[in-house]
Amino acid sequence: MSSIIAEPSSLTAPTFGSRTAVARVLLTLTERFADLPVPYITVYKTGVAQLRVQLDSPAEFEAWRAVLEVPTDAVALQRHAGGGWLEAKTVFAGVTVDLTGHGIAAVAS
């Protein structure tokens, strides 16, 4: 009887250690801006090392936007049938940060 088990490929799969820069940025943000609202954090597995910071409200988004020094004109409003969210990208200490703020009620077109 043979078993089919996929062997991880060290040539194609990123390692946990490949996200060290992201971990350092997260630690730096935690130490420097300890009073910020707690976000949902995602460290991307694929592609370049980046950090997703997802917040529950526009006010929480604004607090993070301000400390990351994201210009207001770099913020986009994304719409969907039930409402929308704010979105911006920036680079902090060499790592791309994808910032989103949810909780926007339905908006007129």
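Structure first, text after, so check above.
Residues numbered from 1 in each chain as written. Predicted model: local features only at pLDDT ≥ 70, side-chain atom pairs only at ≥ 80, totals over all residues. Heavy atoms only, no water.

## Some words on the overall build of the protein
Moving on, step 1. From N to C terminus, the protein includes 2 helices and 5 strands.
Moving on, step 2. When burial is assessed residue by residue, the protein has 28% of its 109 residues classed as buried.
Moving on, step 3. Considering only contacts within the protein whose residues lie at least 6 apart along the sequence, 52% involve residues at least 24 apart.
Moving on, step 4. Summing over all exposed atoms, the protein offers an accessible surface of approximately 7300 Å²; the carbon and sulfur share of this is 58%. (Helix = DSSP H or I, 4+ residues; strand = E, 2+ residues; numbered from the N terminus. Buried < 20%, exposed > 50% of the residue type's maximum accessible area, 1.4 Å probe, protein only. Contact = heavy atoms within 4.5 Å. Areas by Shrake-Rupley, 256 points an atom, 1.4 Å probe, with all protein chains shown as cover.)

## Things to note about the environment of D73
Moving on, step 1. Tracing the sequence through the fold places D73 in the loop between α2 (58-67) and β3 (76-80).
Moving on, step 2. Given the relative accessible area of 71%, D73 is considered exposed.
Moving on, step 3. Between the C-alpha atoms of D73 and A88, which are 15 residues apart in sequence, the distance is 9.4 Å.

## So, α2
Moving on, step 1. Here α2 has its buried residues at F61, W64 and R65. In a view along the axis of α2, the buried residues occupy a sector of 105°, so they form one face of it.
Moving on, step 2. One or two positions beyond α2, positive phi appears at E69, with a value near 55°. (Arc of directions from axis to C-beta.)

## As for the nonpolar core
Moving on, step 1. Ranked by internal contacts, the top residues of the largest apolar core, which has 19 residues, are L29, V53, W64, L68, F92 and L99.
Moving on, step 2. Sorting the residues of this core by element identifies α1 (20-32), β2 (50-55), α2, β4 (83-92) and β5 (95-104) as the ones contributing at least two each.
Moving on, step 3. It is β5 that provides the largest number of residues to this core, a total of 4 residues.
Moving on, step 4. Not counting the four nearest positions on each side in its chain, V53 is found in contact with P39, Y40, I41, W64, V97, D98, L99 and T100. (Core = buried A, V, L, I, M, F, W, Y, C linked by side-chain atoms within 4.5 Å.)

## Comments concerning the side chain of Q50
Moving on, step 1. Summarising the element assignment, Q50 is placed in strand β2.
Moving on, step 2. Those residues within four positions of Q50 in sequence are excluded, and the remaining contacts are V22, T42, V43, Y44, K89, V95, T96 and D98.

## Observations regarding the sheet that holds β3
Moving on, step 1. Across the sheet, which stays open at both edges, the 5 strands sit in the order β1-β2-β5-β4-β3 with mixed pairing between neighbours. Either end of the sheet is taken by a strand with one partner, and the two such strands are β1 (40-43) and β3. Direction aside, neighbouring strands of the sheet carry axes that sit 20° apart on average.
Moving on, step 2. Note that β3 and β4 share 5 bridges and pair antiparallel. Its bridge partner being in β4, Q78 is matched across the sheet by W85.
Moving on, step 3. Where α2 meets the sheet, it contacts β2, β4 and β5, and its direction lies at approximately 155° from that of β5. (Pairing = 2+ DSSP bridges. Axes fitted to C-alpha atoms, helices over the stretch in contact; angles between N-to-C directions.)

## Looking at unusual backbone geometry
Moving on, step 1. Backbone geometry places E69, a non-glycine residue, at a positive phi of 55°.
Moving on, step 2. Accessibility expressed as a relative area gives 68% for E69, which makes it exposed.
Moving on, step 3. Even without being glycine, A93 reaches a positive phi, approximately 50°.
Moving on, step 4. Within the secondary structure layout, A93 lies in the loop between β4 and β5.
Moving on, step 5. By relative accessible area, which is 67% here, A93 ends up exposed.

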